[in-house]
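# Structure assessment
Take a look at the letters that make up each chain.
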Amino acid sequence: MPPLTNDPPGSSLVVESIADQLYRILCERITGGTFAPGSRLDPQAVATEFGVSRTPVREALARLEHDQLIVTRPRSGTFVARPGVTDVHEVCQLRKGIEWVATGIAAGSMSQEQIADLRAEAVEALRQAERGDYEPFFASDSRLHNEIVAATGNARLIKARSSTEPFVQWLRVLGATGPHRIAGSTRRHLEILDAMAARDTATAQQAAAVHLDEVEEWTIADMESKAITT
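Quick look at the structure, then. (Residues numbered from 1 in each chain as written. Predicted model: local features only at pLDDT ≥ 70, side-chain atom pairs only at ≥ 80, totals over all residues. Heavy atoms only, no water.)

Right, let's get into the pairing of strand S2 (residues 70-73). Across 4 bridges, S2 lies against strand S3 (residues 77-80) in antiparallel orientation. Bridging across to S3, Ile70 finds its partner in Val80. Where S2 folds back onto S3 in an antiparallel hairpin, the turn is made up of 3 residues, including Arg75, whose phi is positive at roughly 65°. (Pairing = 2+ DSSP bridges. Helix = DSSP H or I, 4+ residues; strand = E, 2+ residues; numbered from the N terminus.)

Each aromatic ring pair is specified by the distance between its two centres and by the angle formed by the two planes. In the structure shown here, the tally under the stated rule is 2 aromatic pairs. Measuring from centroid to centroid gives 6.3 Å for Phe167 and Trp170, while their planes differ by 85°, and the two rings are edge-to-face. Taken as a pair, Phe167 and Trp170 lie in helix H8 (residues 165-174) at a separation of 3 residues, close to a single helical turn. Classification of Trp170 as buried rests on a relative accessible area of 1%. The ring of Tyr23 carries Arg63 above its face, with NZ or CZ at 3.7 Å from the centroid. (Phe/Tyr/Trp six-rings, centres within 6.5 Å; stacked < 30°, edge-to-face > 60°. Buried < 20%, exposed > 50% of the residue type's maximum accessible area, 1.4 Å probe, protein only. Lys NZ or Arg CZ within 6 Å of the ring centre and 35° of its normal.)

Close approach of charged atoms lets side chains of opposite charge pair. Tallying each qualifying case throughout the model produces 16 salt bridges. A salt bridge links Glu49 to Arg29; its shortest N-O distance comes to 2.7 Å. Here Glu49 is found in helix H2 (residues 43-50), whereas its partner Arg29 is found in helix H1 (residues 18-31), with 20 residues between them in sequence. Arg143 is the salt-bridge partner of Glu147, the closest N and O atoms lying 2.7 Å from each other. Here the residue Glu147 and the residue Arg143 both occupy positions in helix H6 (residues 135-150), the gap between them amounting to 4 residues, near one helical turn. On the accessibility criterion, Arg143 (23% relative accessible area) is partly exposed. Look at the salt bridges and you will find they share partners, linking Arg95, Glu99, Asp141, Arg161, Glu165 and Arg172 into a network. (Salt bridge = Lys/Arg side-chain N within 4 Å of Asp/Glu carboxyl O.)

Among the surface-exposed residues, Trp100, Val101 and Ile105 lie close enough to one another that they form a single nonpolar patch of about 250 Å² accessible area. By the element assignment, Ile105 lies in helix H4 (residues 85-109). (Patch = residues over 30% accessible without salt bridge, like charges linked within 9 Å, V, L, I, M, F, W, Y side chains within 5 Å. Areas by Shrake-Rupley, 256 points an atom, 1.4 Å probe, with all protein chains shown as cover.)

In structure tokens form, the structure reads like this:
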């Protein structure tokens, strides 16, 4: 069966299993806002749309449920989850644990050139956000956190961190992002990077921990004020 993408032959996506491709496509539809929180997911409709059997659909949905992006209710069906305060708390706790460790390792291993590049990108992203363009901040934010974890060389840490990315992206799509939040996050990003450049592990880790606490606090406040609609 051909791949469920329009990517050219030789693309890495071609080697994905059908279930993997379905998982990725459905995950993108959820976190990208195509499927709204609470909307119903019909497994048969998915199978029909992509011309596949129910087996890979079930496998893809099982992964999405494991990631807590969907929920299955007996005798009711499968639905896109509605992210709540508990989800934010749990994801931020997980990220805090991972990134506190990762920042400590990266403070001693990441090159000065890479740190300087991440810092310059963060500063430019803030300038763009102040003009109303938030996408550079989202890209900078994602890159900074991912590269800090990647710098550990720890495959398990990297995998655990990547498991939170769909939820983080989902909240960005659902949420309220403004200069006040971006300025606060950028301030912490620069504190982390400057401490890393100075090889000050303790200060870098403390800034990382405070940053994730603030992200949790701000996200919950936006959720409770309905600025994030779920």
